Each structure stands twice: as structure tokens, then as C-alpha cells.
Amino acid sequence: MEYSLRCVDCSREFYEDYYYTCPECGGLLEIKIDLASVEVDFRLDGLNLKVWKYKSLLPIRSKPVSLFEGGTPLYRVNYIERDLGLKSVYVKHEGLNPSGSFKDRGMTVGVTKAIELRRSAVACASTGNTSASMAMYAGKAGLKAYVLLPAGKVALGKVAQALMHGAKVIAIKGNFDTALSLVREVSESENFYLLNSVNPFRLEGQKTIAFEIVDELGYVPDRVVLPVGNAGNISAIYKGFKELKELGLIDSIPKMCGIQAMGANPIYKAFLTRADDITPKENPETIATAIRIGNPVNAKKALNAIYNSDGVSEEVSDDEIINAQKLLAVKEGIGVEPASASSIAGLYKLVRNGVVGEDETVVCITTGNLLKDPETVIRVCGKPIEVEPDIESIKKVL
Ligand SMILES: Cc1ncc(COP(=O)(O)O)c(C=O)c1O
Ligand SMILES: [Zn+2]
């Protein structure tokens with residue numbers, strides 16, 4: 001398979017895998033696969049789902065560093081479907097990946113690329129999940145891992161993962177956006193391979209979410225709804241659908257719907273005025289710490305995905321996020337972290353506003369596992385009731 005790295009701003013193409021951004025104008029790069037050179041060696045038959053089923057569409061030439069990522073379930077959510085009065089609603093639960101989030105799809109490709117480029121260390125800034133995933137795959141690959149986190153703003157489960165899998169974890173007294181700009185600088189000077197979603201190879205792994213949706217469902221849904229933080233995932237999934245369409249494997253692309261938290265909503269704001277870039281949001285704040293991002297690096301790609309698929313952006317409050325998290329857990333048996341629940345909260349709002357039609361088939365993506373953020377659970381559900389160890393005391397509280 002042949003591919004180049006194409007700049008989304010100046011359209012120049014490059015053939016060196018080690019660029020993250022355009023060396024000419026600084027724009028974002030996208031992997032442009034020469035689809036005519038691809039020999040598709042998989043069938044969309046619903047079988048054997050995993051990231052590397054789709055290797056013929058991934059820009060990797062070596063043996064993958066894999067922990068069996070992908071192949072996540074696509075649940076039909078009957079209660080929510082009835083509650084909303086929609087034809088069919090599915091949840092693709094990315095929280096069931098090896099590290100508990102969709103980031104593993106990107107990391108298996110990104111870390112394999114780090115090995116191909118003969119790097120000995122990888123680095124990222126993270127709201128948590130990227131660091132957990134990167135640490136796991138770096139460990140597996142024998143690479144050093146360096147992580148910059150916004151101090152006090154990362155869910156406990158994620159920090160625990162990054163630490164236990166052996167990353168050097170540095171908490172900065174600043175937010176994610178500052179951490180990202182610092183890690184980009186440090187990676188340059190220290191020759192670390194940067195694994196944030198500005199890295200176009202990482203997004204290649206994440207595009208397999210689109211492949212799996214079509215593979216599992218057997219057709220193309222009308223709409224895909226997902227949380228948006230740094231805006232890599234929505235861009236990646238759109239690219240996946242686009243490639244399937246260009247290959248003639250599907251004949252439509254779902255409307256891509258990006259949901260943001262109200263306190264961290266630059267993409268939503270840009271969407272309202274149909275702008276093709278964002279104005280960064282200073283001091284972003286939300287209970288959904290995974291998407292607490294004010295200056296999403298992939299904003300241009302994401303807005304392009306939304307406009308070109310006839311999609312939308314919506315914003316949801318922290319209360320709406322927590323209500324949706326509880327609904328998924330209690331009524332559907334799906335345990336997700338707050339950021340992930342914003343997809344469901346967003347769908348409710350889009351239905352309420354008349355954006356989604358009742359004959360639509362919708363896939364919501366839940367990006368991370370409930371276990372990632374136990375502290376928020378205790379805050380919103382309270383602690384277990386403590387009683388004396390006797391039957392009377394138990395009966396009293398039943
Ligand atoms: C659980 C979860 N959901 C959503 C996102 C947002 O993804 P993206 O930054 O690609 O928009 C993240 C990113 O950290 C995440 O961890
Ligand atoms: Zn350029």
C-alpha cells in the first residue's frame with residue numbers, strides 16, 4: 001500500500017513518516033492512502049473484529065505491537081431507543097478495550113510506528129486516557145514513556161494505569177492545552193515520539209471504529225454521535241467512513257455529531273457560525289475531565305468532518321452528562337465515564353431539538369470505562385451505607 005502525509009492547509013504531500021505537522025506551513029497532516037494501491041483483504045462479514053483485521057488499510061509495514069484492541073461490542077440500547085422514540089439506537093462501547101478506552105486503537109498503530117522509526121521513547125500530554133493507553137503499549141514494546149498531566153484534573157483510575165504501566169508521570173500546574181504545548185516542545189528537543197492525536201498515525205488506528213460499525217451492523221447508520229475533546233476521534237472515524245465509501249464498500253457516510261461539554265465547547269461555538277476553525281476557550285471546565293480541553297488541536301479536521309457529513313455539534317451540561325451516565329449504567333448495563341456519557345446526553349438533546357428524525361438509526365460511541373473515574377461516582381452516587389453487622393440493622397436500611 002502506498003501513502004503520503006498530506007497537509008490539510010496547503011495540500012503539500014510528504015513521504016517521511018516522522019513529521020507530525022506540515023514542515024512548510026505548520027498545518028495538520030493527514031495520511032492520504034492511495035486507495036488504488038490497496039488490496040483489501042478483509043470482508044465486512046461481522047467476524048473476527050479487531051483493529052488489525054483492517055491491516056490492509058493501515059499505514060504500517062511491520063509486525064504490530066498489539067494487546068488485542070478493538071472488537072468492542074455494539075449494544076442495541078432498547079430502553080433508550082423506546083424512551084427517545086427512535087427506530088434504532090446502538091452504543092459502541094469503547095470502554096471495553098484493553099486499557100479501557102478507544103485510545104488503544106490509536107496506540108497500537110502509533111507505538112508500532114515509533115518502533116518502525118527506531119525511537120526509544122514516546123511522550124504525550126493527556127487528560128488521562130491517552131497516558132494510560134500509551135503507558136501500556138510502551139511497556140509492551142519496551143519503550144520509555146513520558147506523560148504530562150494537568151495536576152489535580154485527571155481521573156484517579158487513569159493516573160493509576162499510567163503509573164503502574166511504568167510511565168514517568170509529570171503533573172503540571174496548568175491545564176491540558178498548556179501540557180500539550182509543553183510536551184510538543186520537549187518531544188522535539190528530546191527526540192521523543194509524540195503520541196497525541198496531532199500524530200496522524202494514531203488517528204489511522206482510530207478510524208477502525210468506523211470499519212467495525214459497518215462490519216458489525218451490516219449497513220451504514222444514519223448518524224454517529226460521540227464526545228469531542230481534542231477532536232481527533234471524530235476526525236478519524238469520519239476518515240474511516242470516507243475510505244470505505246471511496247473503495248466502494250459502502251455508499252453513504254453517517255452524519256457525524258460531535259458533543260462537547262458546555263464548559264469546554266470551542267467546536268460547538270465554531271459550528272454555530274459555520275466557522276472552519278475555532279476560537280480557543282480559556283480555562284475550560286467540566287466534570288467530564290477527559291474532554292476538558294479549550295484548544296482542540298484537530299479542530300479543523302473535526303469541523304470538516306461535521307460539515308462534509310451534514311452533521312452537527314451540540315453542547316451538554318454537567319448535569320445532563322451525569323444523568324446520561326446513570327441512565328446507561330442503570331437501564332442498559334453499560335458502565336462509562338462521564339465524557340463518554342456526553343454522547344447519550346447529546347443524542348437526547350438532538351432529539352429534543354428535532355434534529356434527529358424518528359426513523360433514524362443512530363450509533364453513540366462511549367469512549368471510556370466507568371472504572372476510570374471512581375471519584376466522580378462517589379461524588380454523584382454517594383458512599384455505600386455503613387451499618388452494624390446484624391440482620392436488624394440491615395433490614396432497617398433495605
Ligand atoms: C473518554 C474520552 N472520551 C472522549 C475523548 C475525546 O476524544 P478526542 O480528544 O479525540 O476528541 C477522550 C480524550 O481524551 C476521552 O478520554
Ligand atoms: Zn502545509
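It should be noted that the structure appears before, not after, this text.
Residues numbered from 1 in each chain as written. Chains lettered and ligands numbered in written order. Predicted model: local features only at pLDDT ≥ 70, side-chain atom pairs only at ≥ 80, totals over all residues. Heavy atoms only, no water.

**Regarding the environment of S11**
Summarising the element assignment, S11 is placed in the loop between β1 (3-7) and β2 (13-14). C-alpha of S11 to C-alpha of I80: the two residues are 69 residues apart in sequence and 43 Å apart in space. (Helix = DSSP H or I, 4+ residues; strand = E, 2+ residues; numbered from the N terminus.)

**Let's talk about the pattern of salt bridges**
Summed over all chains, the structure comprises 20 salt bridges. The residue K53 makes a salt bridge to D215 at a minimum N-O spacing of 2.8 Å. Taken together, the positions of K53 in the loop between β3 (29-33) and β4 (74-76) and D215 in helix α7 (residues 208-217) put the pair 162 residues apart, joining distant regions of the chain. Across the pair K92 and E212 runs a salt bridge whose closest N-O atoms are separated by 2.8 Å. (Salt bridge = Lys/Arg side-chain N within 4 Å of Asp/Glu carboxyl O.)

**Some points on the pairing of strand β8 (residues 168-172)**
Where strand β7 (residues 144-150) lies against β8, 5 bridges are found, and the strand directions are parallel. Within the sheet, the bridge partner assigned to L149 lies in β8 and is A171. Between β7 and its parallel partner β8, the chain crosses via helix α4 (residues 156-164), and the hand of that crossover is right-handed. (Pairing = 2+ DSSP bridges. Right-handed = clockwise from strand over helix to strand, strands pointing away.)

**Details of unusual backbone geometry**
Even without a glycine there, the phi angle at N48 is positive, about 55°. Structurally, the position occupied by N48 is in the loop between β3 and β4. You will see that A231, though not glycine, has its phi angle at about 75°, which is positive. With respect to the helices and strands, the residue A231 is situated in the loop between β10 (223-227) and α8 (232-246).

**Things to note about the site of ligand 1**
In the vicinity of ligand 1 lie 17 residues, with K103, N129, N230, A231 and T367 positioned nearest. Here an oxygen atom of ligand 1 and a backbone polar atom of N230 are 2.8 Å apart. Relative to its unbound accessible area of 390 Å², ligand 1 is 98% covered by the protein chains. Its residues assigned to classes, the shell around ligand 1 shows 7 nonpolar, 8 polar and 2 charged. (Near = heavy atom within 4 Å. Polar contact = N/O pair within 3.5 Å; in protein donor to acceptor, adjacent residues only side chain to side chain. Areas by Shrake-Rupley, 256 points an atom, 1.4 Å probe, with all protein chains shown as cover. Nonpolar A, V, L, I, M, F, W, Y, C, P; charged D, E, K, R; others polar.)

**Some details on the packing of helix α2 (residues 103-116) against helix α3 (residues 129-141)**
Orientation of α2 relative to α3, taken along the N-to-C sense of each, is 45°, at an axis distance of 9 Å. By the angle class used here, α2 and α3 are oblique. Along this stretch, α2 crosses α3, giving a crossing that reads as right-handed. Taking contact as the criterion, the partners of K103, D104, M107, T108, V111 and I115 in α2 are, on α3, N129, T130, S133, M134, Y137, A138 and A141. Of the residues that constitute the contact of α2 with α3, the class distribution is 7 nonpolar, 4 polar and 2 charged. (Axes fitted to C-alpha atoms, helices over the stretch in contact; angles between N-to-C directions. Parallel < 35°, antiparallel > 145°, perpendicular 65-115°, else oblique. Left-handed = near helix turned anticlockwise from the far one by under 90°. Contact = heavy atoms within 4.5 Å.)

**Structural notes on the coordination of the zinc ion (ligand 2)**
For the zinc ion (ligand 2), the full set of protein donor atoms is C7 (SG), C10 (SG), C22 (SG) and C25 (SG), at a range of 2.3 to 2.4 Å. Between the 4 donor atoms coordinating the zinc ion (ligand 2), the angles at the centre fall across 100 to 121°, so the site counts as tetrahedral. Mapped onto the polypeptide sequence, the residues donating to the zinc ion (ligand 2) form the spacing pattern C-x2-C-x11-C-x2-C. With C7 in strand β1 and C25 in the loop between β2 and β3, the pair connects residues that are 18 residues apart, well separated along the chain. Its relative accessible area of 0% is what places C7 among the buried residues. Given the relative accessible area of 40%, C25 is considered partly exposed. (Donors = N, O, S within 2.8 Å, 3.2 Å for Na, K, Ca; no water. Tetrahedral: all angles 85-135°; square planar, octahedral: opposite > 155°, others 65-115°. Buried < 20%, exposed > 50% of the residue type's maximum accessible area, 1.4 Å probe, protein only.)

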